[in-house]
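# Chain and residue survey
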Amino acid sequence: MINARDILETIQMIQDEHLDIRTITMGISLLDCIDSDINAACRKVYEKITRCARRLVSTGEQIEATYGIPIINKRISVTPIAMLCAAAKGDPVRFAETLEKAAQTCGVNFIGGYSALVQKGFSAGDEALIRSIPEALAVTDHVCSSVNVGSTKAGINMDAVALMGQIVKKTAERTADRDCIGSAKLVVFCNAPEDNPFMAGAFHGVGEADCSINVGVSGPGVVRAAIAKAPRDASLSEIADIIKKTAFKITRMGQLVGTKAGEMLGVPFGIVDLSLAPTPAIGDSVAHILEEIGLECCGTHGTTAALAMLNDAVKKGGVMASSRVGGLSGAFIPVSEDAGMIDAAVSGSLSLEKLEAMTAVCSVGLDMIAVPGDITPETISAIIADEAAIGMVNSKTTAVRLIPAIGKQVGDMLNFGGLLGEGPVMPINTRSCETMIHRGGQIPAPLQSLKN
Amino acid sequence: MHAVITVIGKDAVGILAKVSAICAEKNANVIEVTQNVMHDMFAMIMLVDISTLSVDFSELSRLLTALGDQLGLSIHVMHEDIFDSMHRI
């Protein structure tokens, strides 16, 4: 029989420490739905998504009941819609409405893939799709959008960066009556992964199988509790070891759920995303792990080093636990979705500049950060450019999900509710960066892109 | 196919009997039981065979959780695979 202590440990992780499967995301290729007639294309898209994912939610619930593990989200990601727009002339928002309808029929929490990949330039359909994002995110509730503006291989498309500054601002303005929630569903990437199960940045890359299941695990609370059990004088090598062991267990659970879901749905299992994804619930915070390691408040000196160690240990523990690892894999630091980050930002300990430094050593980027509503599109573009540069040079994924809080100022709060949480409007540097952004063009790929 | 039933809470007369009665009624064969009482606290771990269960696994889980609520105990039923995957390489 299994060791009684192991059994009780697992139950405690789920009951008291918020261990859960954050998401099962079904990736669906829409390449066979491309049609020059937009009506026909939308019909095919709806038919394919509802056919592939009709049992996704019920299967997720069945696994939850059998294994006793909460599965928080069931989601769908699709081929970047810009590829369908390239063939079908017409208003891209029609595709967003179709995705919304399909998401509602399947009962999923989010559908991602209203996306364009423009790191080296715009192809047919890309610009039309990007310009339609504010409208698409205002008229839908479940659709998520992402745009990849840079990569280590291609450099950074600064024309796209300049455009995205305007789009992020317009998206916030279009949903100003709902705490600017549109911008919370829009991510600007550098080095976007093609198998990411997490929203808002999930899309189904063209190199993926026709349909696959990707799983994102969670568990900041479990990691924090494990560190809390260690003696106060335990060395950082010992803390790293504890994190590795905990990440191993969390990931094994993700692997089991992904494999079972794939079998039950008759779909190949894609990857486990080894991420520590926080929620606004007390005890489910990445910031609190950093504080448990020994910081008075997240954002103080030492935060970047602690986060670097955490991120690395999570990967080292997780990689052995899963046969296939992918997606973003690392610790997430979304401000509004993490109780400890919210407190640190409100108290002034955590600044935008510190967050930028932290993104150089963890898996994502400037995520879920509310900025003053009078921010200029150029400043948003410049923040995107800085973040993309970190990703490009370090050969890693970085992303920007800023929420311009229309009509609000530093210190005010935005409240999105649910997993998206709430966050204070954070101060930005207001000196101009217009001339640089208006130059446009391409930041050339760095030397490290020439690996062949 | 095995499941693990855990029961934790304040000790009382007949806990084991009530839990095993539900298992018997739904055709879950009890294979192994470990039980401890420490300072009034009752902790039991039961391994049951669920391959010939007469109801859905989720129904068994619902019945036992309801029993737990009724007796003021925390009762969990989970598939054995989860423990195997998390704690064994």
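Residues numbered from 1 in each chain as written. Chains lettered and ligands numbered in written order. Predicted model: local features only at pLDDT ≥ 70, side-chain atom pairs only at ≥ 80, totals over all residues. Heavy atoms only, no water.

### Regarding the overall build of chain B
For chain B, the count of helices and strands is three helices and four strands. The helix and strand sequence of chain B, counted from the amino end, reads β-α-β-β-α-β-α. Taken against the 2.2 N^0.38 rule, which gives 12 Å for 89 residues, the C-alpha radius of gyration of chain B at 13 Å falls within 12% of a compact globule. Overall, the C-alpha framework of chain B stretches about 35 × 35 × 20 Å when taken along its three principal axes. By residue count, 43% of the 89 residues in chain B fall in the buried class. Taking the intrachain contacts of chain B between residues at least 6 apart in sequence as the baseline, contacts between residues at least 24 apart amount to 67%. For chain B, the exposed area adds up to about 4,500 Å²; of that, 53% sits on carbon and sulfur atoms. Here chain B contributes 5 positive and 11 negative side-chain charges, whose respective centroids are spaced 7 Å apart. (Helix = DSSP H or I, 4+ residues; strand = E, 2+ residues; numbered from the N terminus. Rg over C-alpha atoms; globule rule 2.2 N^0.38 Å. Buried < 20%, exposed > 50% of the residue type's maximum accessible area, 1.4 Å probe, protein only. Contact = heavy atoms within 4.5 Å. Areas by Shrake-Rupley, 256 points an atom, 1.4 Å probe, with all protein chains shown as cover. Lys, Arg positive; Asp, Glu negative; His and termini not counted. Charge placed at Lys NZ, Arg CZ, Asp CG, Glu CD.)

### A word on the sheet that holds strand β1 (residues 2-10) of chain B
Residue and element names in this part refer to chain B. Taken in spatial order, the four strands of this open sheet run β2-β3-β1-β4, and their pairing is antiparallel. The open sheet terminates on both sides in strands that have one partner only, identified here as β2 (29-38) and β4 (74-79). Between one strand axis and the next, the sheet turns through 10° on average, direction left out of account. Relative to strand β3 (residues 41-49), β1 runs antiparallel, the two sharing nine bridges. Residue Val4 lies in a different strand from β3, and its bridge partner there is Leu47. Contacts from helix α1 (residues 15-25) reach β1, β2, β3 and β4 within the one sheet, and its direction differs from that of β3 by about 20°. (Pairing = 2+ DSSP bridges. Axes fitted to C-alpha atoms, helices over the stretch in contact; angles between N-to-C directions.)

### Brief notes about the nonpolar core
In this structure, Met26, Ile28, Ile49, Ile76, Phe95, Tyr114 and Leu310 of chain A are the most contacted members of the largest nonpolar core, which totals 137 residues. Core analysis: the next-biggest nonpolar cluster, separate from the first, contains 21 residues, Val19, Ile22, Val48 and Val77 of chain B among them. (Core = buried A, V, L, I, M, F, W, Y, C linked by side-chain atoms within 4.5 Å.)

### A word on the side chain of Asn214 of chain A
Mapped onto the elements, Asn214 of chain A comes out in strand β7 (residues 211-217). At 3.0 Å, the side chain of Asn214 of chain A and the backbone nitrogen of Ile271 of chain A are in polar contact. (Polar contact = N/O pair within 3.5 Å; in protein donor to acceptor, adjacent residues only side chain to side chain.)

### Things to note about the interface of chain B and chain A
Note on interface size: it is often stated as the accessible area lost on association of the parts. Opposite the 22 residues of chain B that make contact, chain A presents 25 residues. In total, chain B and chain A occlude about 2,200 Å² of area from one another, counting both sides; carbon and sulfur atoms represent 75% of this. Interface area lost by chain B to chain A is led by Ile45, Met86 and His87 of chain B, which between them contribute 28%. For the pair chain B and chain A, the interface holds one salt bridge. If you look at where chain B meets chain A, you find five residue pairs in polar contact (both at pLDDT 80 or more). Only β1, β3, α2 (57-71), β4 and α3 (80-87) of chain B provide two or more residues apiece to the side of chain B that touches chain A. Sorting elements by how many residues they give to the side of chain B that touches chain A places α3 of chain B first, with eight residues. Of the residues that constitute the side of chain B that touches chain A, the class distribution is eleven nonpolar, six polar and five charged. (Buried area = accessible area lost by both parts, 1.4 Å probe. Salt bridge = Lys/Arg side-chain N within 4 Å of Asp/Glu carboxyl O. Nonpolar A, V, L, I, M, F, W, Y, C, P; charged D, E, K, R; others polar.)

### Concerning the packing of aromatic side chains
Residues and elements named next belong to chain A. Applying the stated criterion across every chain yields a total of one aromatic pair over all chains. Measuring from ring centre to ring centre gives 4.8 Å for Phe198 and Phe332, while their planes differ by 80°; the resulting arrangement is edge-to-face. One end of the pair, Phe198, is in the loop between β6 (186-190) and β7; the other, Phe332, is in the loop between β10 (330-331) and α12 (339-347), and 134 residues separate them in sequence. Both residues of the pair, Phe198 and Phe332, belong to the buried class. Across from the ring centre of Tyr46, 4.6 Å away, lies the NZ or CZ of Lys101, which sits over that ring. (Phe/Tyr/Trp six-rings, centres within 6.5 Å; stacked < 30°, edge-to-face > 60°. Lys NZ or Arg CZ within 6 Å of the ring centre and 35° of its normal.)

### Section: the domain arrangement of chain A
Residue and element names in this part refer to chain A. Domain annotation for chain A reports domain 1 (25-190) and domain 2 (217-449). Each of domain 1 and domain 2 has a C-alpha centre, and these two points are 22 Å apart. Each side of the interface is counted separately: domain 1 has 43 residues, and domain 2 has 51 residues. Summing both partners gives a buried area of about 3,800 Å² for domain 1 against domain 2, and 70% of it is carried by carbon and sulfur. Among the residues domain 1 hides against domain 2, the three largest losses belong to Thr152, Ile156 and Met158. Together they make up 18% of the total. For the pair domain 1 and domain 2, the interface holds one salt bridge. Where Lys408 meets Asp179, a salt bridge forms, and the shortest distance between an N and an O atom there is 3.6 Å. Those elements that provide at least two residues to the side of domain 1 that touches domain 2 are α3 (56-67), β2 (71-78), β4 (143-151), β5 (155-157), α7 (158-174) and β6. If you tally residues by element for the side of domain 1 that touches domain 2, the top one is α7, at eleven residues. Tallied by class, residues from the side of domain 1 that touches domain 2 come to 25 nonpolar, eleven polar and seven charged. (Domains from an automatic or database assignment.)

### Here we look at the pairing of β2 of chain B
All names here are of chain B. Relative to β3, β2 runs antiparallel, the two sharing nine bridges. What sits directly across from Val30, in β3, is Val48. Between β2 and β3, which pair antiparallel and follow one another directly, the connecting turn spans two residues, one of which, His39, has a positive phi of 45°.

### A word on the environment of Glu32 of chain B
Checked against the element boundaries, Glu32 of chain B lands in strand β2. When the C-alpha atoms of Glu32 of chain B and Gly68 of chain B are compared, they prove to be 20 Å apart, with 36 residues separating the residues in sequence.

### Remarks on α3 of chain A
Residues spaced three or four apart along an α-helix face the same direction, because each turn holds 3.6 residues. Residue and element names in this part refer to chain A. Between the first and last C-alpha of α3 there are 17 Å, a value that for twelve residues agrees with the 16 Å anticipated at 1.5 Å per step. Of the positions making up α3, those classed as buried are Leu56, Val57, Thr59, Gly60, Ile63, Thr66 and Tyr67. Of the residues one or two after α3, Gly68 is the one with positive phi, at around 70°. (Expected span 1.5 Å × (residues − 1).)

### Remarks on the packing of helix α1 (residues 4-16) of chain A against α3 of chain B
In the contact formed by α1 of chain A and α3 of chain B, the axes pass within 10 Å of each other and the chain directions differ by 100°. Taken as axis vectors, α1 of chain A and α3 of chain B run roughly perpendicular relative to one another. Packed against α1 of chain A, whose contacting residues are Asp6, Ile7, Glu9, Thr10 and Met13 of chain A, the element α3 of chain B presents Phe83, Met86 and His87 of chain B at the interface. Among the residues forming the contact of α1 of chain A with α3 of chain B, the class breakdown is four nonpolar, two polar and two charged. (Parallel < 35°, antiparallel > 145°, perpendicular 65-115°, else oblique.)

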